[in-house]
Amino acid sequence: MQLVQTLGREMSHSDYTSTSKTAHLNAGDALATGSPISTSQSATDNHSTQPARMEGMRHLSPKEPGTAPSGHPPVSQTCRIKHMEDKQSRFESIVNLFTTRLHAAHKTTPMLYGISGVLHNFCKHNLEEFKKQHVNKNKEFDRSALAKHNDIRIAYDDTGTAMQALYPSTFVAMVSQYDFLVSQCIREICTLKPEILNNSEKQLKYSEILSFEDFDEVKQWCLEETIEQVMRKNHEGQIEWIEKQLSCKLRPEDPVWKSFIESTQRRHLYVHTGGAVSDSYLKICRGHGIDFPPEVTQGVFLAIDQHYLTNTFTTLLIMGTLLSQVLWRKFAPDELELADKQINLFSYRLIDYNDYDSAIWLLKFAKNDIKKYSTENYRLSMLFNLAQAYKWKGENELCYKTIENLDPTALPSRFSLAYYSLTDDYANAKKAATAVIKAEELAKEDLCEWPIFKDFRQQNEFTELMQELFDEEWTPPTQDGLRTPFERMLSKWGVSKVGIEIAMPEIKSEKQSENTSPDTDLSDPS
């Protein structure tokens, strides 16, 4: 269920920038407050007068008591409010920058690989046509066309090389995004717990001390040195350091922890050996109980394909979310609602992209490890998102088990509708949908687009509902509808079918990729 979703259905990083004071009206906020929502409304400025339908909606920007009616605080409070906004923007920006970049890399790489494949095949076709025109029956090459041939051949080689490098490059970039998140988290820990720097053993010469303008620069130098010192540790050592500073456990259970160790060690291989297995890689992985097939020996090249990239994405998402959420909730307990919203919003995005495994891992963390929620409605939102992720993955028993202890008659009407939809009680789902629509708690578009109503939309009860409430004929979609925001965007532009069909080339192993040229070698005959 999209229990947190922006009005335009699309999410951009600008929604979370540190300077933004915009109140974003979305389905999740409406479900959390019980306020009516409308897809025709847009978010308004923090100091603007809210439309009647938005009354009661809570702003996400921090506010201080005693703020003047104009929205400008008294001078005495300005610094304190600025500090609150800075703290909020730091945590929120750190988390959302990590998740959005990680997700973007994961979802766009297959598309880029497919486009590269199209270009590669196009260059191959041009090379073969060139061969027909400039190579005679005796396989003699027309030297007058050598320059043209070289251009075509370089384009063919470059696109092939780009295809081979795309998945490994994305993999390294994804681990780098996690590393950046860790460095930012360490910075926040040291900033909010400055006593950590008291243990710094760094020494400064008298001449070095004189180079600083003031003592604040000395403290900043100590901070940067501490961050660099921790980041030079291996990934396990970084987690150990943070666990010690926060007095908490950050290591997830297997298989996530083993997957994390293997992924970070494989990243070292691609950075330092081009992907060739090293003795260090084998020792560290085996030391964590990771088994390898007999053919994985020192010197063998390990491939990175879409399946492995997806597994790495899920692993890094869990590790990064666990780390950032623990830090966020520990040092900014007044921002629980923002922390809850981040998990719920991103988990919905994963469900919307059909990435049910990642959504399940993220929401299981929310269900099992988060001990305190900002509101009961956010807890229910994450619970129903977890249930629907199980259902769309085909694990119906786990879906029902997730919500079996809930009494639909005691739930807010929005969650009752979700309960009946997931449990295939379509008669009651129709009644609940009628109630929430008449109460203006949900809009027609929400019923027609939210994934949680996917099966409900296939039923006669939904067709009757659309006729009775909106006097519209409803034809159940023959397929799963427009599955991604990208497809919905094309639909809004009036593009029903992409003009070029992308053939996904197979990822070749190191040995297979050595000979990627057409049958006839048109290299320089000299």
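Residues numbered from 1 in each chain as written. Predicted model: local features only at pLDDT ≥ 70, side-chain atom pairs only at ≥ 80, totals over all residues. Heavy atoms only, no water.

Undergrad: Can you explain the overall build of the chain? Please cite residues and give values.
TA: A tally of helices and strands in the chain yields 18 helices and zero strands. Looking at the chain as a whole, 48% of its 526 residues qualify as buried. Once local pairs closer than 6 in sequence are excluded, the contacts in the chain between residues at least 24 apart make up 68%. Put simply, the chain shows about 27000 Å² of open surface, and 51% of that area lies on carbon and sulfur atoms. (Helix = DSSP H or I, 4+ residues; strand = E, 2+ residues; numbered from the N terminus. Buried < 20%, exposed > 50% of the residue type's maximum accessible area, 1.4 Å probe, protein only. Contact = heavy atoms within 4.5 Å. Areas by Shrake-Rupley, 256 points an atom, 1.4 Å probe, with all protein chains shown as cover.)

Undergrad: Lay out the environment of T315 with the relevant residues and their values.
TA: Considering the arrangement of structural elements, one finds T315 in helix 9 (residues 306–331). Note: C-alpha distance between T315 and W257 (58 residues apart in sequence) is 8.0 Å.

Undergrad: An account of helix 9 is requested, with residue identities and associated values reported.
TA: Here helix 9 is 26 residues long and its end C-alpha atoms lie 37 Å apart, about the 38 Å a rise of 1.5 Å per residue gives. Burial within helix 9 is extensive, with 20 of its 26 residues counted as buried. (Expected span 1.5 Å × (residues − 1).)

Undergrad: An account of the nonpolar core is requested, with residue identities and associated values reported.
TA: Grouped together as the largest cluster of nonpolar side chains are 108 residues, with contacts concentrated most on I242, F384, L417 and F456. Top contributing element to this core by residue count: helix 3 (residues 146–192), with 14 residues. Excluding its chain neighbours within four sequence positions, the residues that come into contact with F456 are L417, S421, Y426, A429, K430, A433, E461, F462 and L465. Of all hydrophobic cores here, the second largest spans six residues; its members include C123, F130, A145 and I152. (Core = buried A, V, L, I, M, F, W, Y, C linked by side-chain atoms within 4.5 Å.)

Undergrad: I'd like to hear about helix 8 (residues 279–287), residue by residue, with values.
TA: Restricting attention to buried positions, one finds in helix 8 the residues Y281, L282 and C285. Viewed end-on, helix 8 has its buried residues packed into an arc of 95°, placing them on one side of the element. Every exposed residue of helix 8 that faces more than 90 degrees away from the buried side is listed here: K283 and G287. Buried-residue contacts for helix 8 involve helix 7 (256–272). Remark: G289 follows helix 8 within two positions and exhibits a positive phi of approximately 80°. (Arc of directions from axis to C-beta.)

Undergrad: Account for the packing of aromatic side chains, naming residues and giving values.
TA: Taken as a whole and judged by the stated rule, the model has 13 aromatic pairs. Aromatic pair F384 and F415: ring centres 5.7 Å apart, planes at 25°, arrangement stacked. With a gap of 31 residues between them, F384 in helix 12 (residues 376–393) and F415 in helix 14 (residues 413–422) connect regions that are remote in the sequence. Each residue in the set Y426, F456, F462 and W474 is aromatic and connected to the rest through ring pairs, giving one cluster. (Phe/Tyr/Trp six-rings, centres within 6.5 Å; stacked < 30°, edge-to-face > 60°.)

Undergrad: Provide a residue-level description of the environment of E473, including the pertinent values.
TA: Mapped onto the fold, E473 is located in the loop between helix 17 (460–470) and helix 18 (485–492). Taking the C-alpha atoms as reference, E473 lies 7.0 Å from T463; in sequence the two are 10 residues apart.

Undergrad: Go over the confidence of the model for the chain, please, and point to the residues and values.
TA: Averaged over every residue, the pLDDT of the chain is 75; residues scoring 70 or more account for 71%. Averaged over each element, pLDDT in the chain is lowest for helix 1 (residues 27–33) (38) and highest for helix 13 (residues 396–403) (95). Contacts from residues 1–88, a stretch scored under 50 in pLDDT, to residues over four places away or in other chains number 167 contacts. Every residue in residues 492–526 scores below 50 in pLDDT, and together they form 50 contacts with partners more than four places removed in sequence or on other chains. (pLDDT = per-residue confidence, 0-100.)

Undergrad: How would you sum up the packing of helix 6 (residues 235–246) against helix 7? Please name residues and give values.
TA: Think of two packed helices as two axes; the pair is described by the angle between the axes and how far apart they sit. Here helix 6 crosses helix 7 at 130°, and the two axes come no closer than 10 Å. Relative to helix 7, the element helix 6 is oriented oblique. Contacts between helix 6 and helix 7 involve H235, E236 and I239 on the former and, on the latter, W257, F260, I261, T264 and H268. The residue inventory of the contact of helix 6 with helix 7, partitioned by class, reads four nonpolar, three polar and one charged. (Axes fitted to C-alpha atoms, helices over the stretch in contact; angles between N-to-C directions. Parallel < 35°, antiparallel > 145°, perpendicular 65-115°, else oblique. Nonpolar A, V, L, I, M, F, W, Y, C, P; charged D, E, K, R; others polar.)

Undergrad: Any details on the side chain of R266? Residues and values, ideally.
TA: Among the secondary structure elements, R266 is positioned in helix 7. A polar contact of 2.9 Å, which involves the side chain of R266, links it to the backbone oxygen of A303. (Polar contact = N/O pair within 3.5 Å; in protein donor to acceptor, adjacent residues only side chain to side chain.)

Undergrad: Report on a nonpolar patch on the surface, specifying residues and quantitative values.
TA: Residues M111, L112, I115 and L119 make up a contiguous nonpolar surface patch of roughly 330 Å² in combined accessible area. You can see I115 is positioned in helix 2 (residues 75–134). For I115, a relative accessible area of 38% translates into the label partly exposed. (Patch = residues over 30% accessible without salt bridge, like charges linked within 9 Å, V, L, I, M, F, W, Y side chains within 5 Å. Salt bridge = Lys/Arg side-chain N within 4 Å of Asp/Glu carboxyl O.)

Undergrad: Residues and numbers for the packing of helix 9 against helix 10 (residues 336–352), please.
TA: Running from N to C, helix 9 and helix 10 point in directions that differ by 165°, and their axes come no closer than 10 Å. Of the possible angle classes, the one that applies to helix 9 and helix 10 is roughly antiparallel. Helix 10 is crossed by helix 9, and the crossing has left-handed handedness. Across the interface between the two elements, F313, L317, Q325, W328 and R329 of helix 9 pack against L336, L338, A339, D340, Q342, I343, F346 and L350 of helix 10. Class assignment of the residues belonging to the contact of helix 9 with helix 10 gives a composition of nine nonpolar, two polar and two charged. (Left-handed = near helix turned anticlockwise from the far one by under 90°.)

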